[in-house]
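# Geometric and topological summary
Next come the chains, spelled out residue by residue.
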Amino acid sequence: MIGTWLSTGKEAPTHGDEAQINTWFENTDSCIWIDIDLSTFSQAKAEQLLKRFACHPLAIVDVFRSRHPPKIELFEEQVFMLYRGIQSC
């Protein structure tokens, strides 16, 4: 499953799903947050999506490691955040 938050122009972000990704690609004045839940989303599809966003190949490898500490990486046009095991009690 993918959850997204899309903000276009000066509007407040709207919650959605994978369908918002194409809107983001078409609108250069927008920002998107994408949350990929790997427990319900195939590895092949997630890898394809990350490549579409031009994520660094080593960052993509880290996504699929069974254990990896949380991390944030800053790239020229994106911020990559990896975290697992965070849940509400």
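Here the structure is a predicted model, which is why all the values come from computation and not from measurement.

Definitions and limits used
Residues numbered from 1 in each chain as written. Predicted model: local features only at pLDDT ≥ 70, side-chain atom pairs only at ≥ 80, totals over all residues. Heavy atoms only, no water. Buried < 20%, exposed > 50% of the residue type's maximum accessible area, 1.4 Å probe, protein only. Helix = DSSP H or I, 4+ residues; strand = E, 2+ residues; numbered from the N terminus. Arc of directions from axis to C-beta. Contact = heavy atoms within 4.5 Å. Salt bridge = Lys/Arg side-chain N within 4 Å of Asp/Glu carboxyl O.

## Observations concerning helix 2 (residues 43-52)
Residues of helix 2 that are buried include every one of A46, L49 and L50, and no others. Across the axial projection of helix 2, the buried residues extend over an arc of 100°, all falling on one side. Turned more than 90 degrees away from the buried face of helix 2, the exposed residues are A44, Q48 and K51. If you follow the buried residues of helix 2, they end up packed against strand 1 (2-8), helix 1 (19-26), strand 3 (30-36) and helix 3 (57-63). Note on helix 2: the residue one or two positions beyond its end, A54, has a positive phi of about 60°.

## Notes on the pattern of salt bridges
Scanning the model with the defined rule gives five salt bridges in all. Put simply, E18 and K45 hold a salt bridge, and the shortest N to O gap is 3.6 Å. With E18 in the loop between strand 2 (14-16) and helix 1 and K45 in helix 2, the pair connects residues that are 27 residues apart, well separated along the chain. As a salt-bridge pair, K71 and D62 come within 2.2 Å of each other at their nearest N and O atoms. Here the residues in one salt-bridge network are D62, R65, K71 and E73, joined through shared partners.

Purely geometric stuff here, so don't read any function into it on its own.
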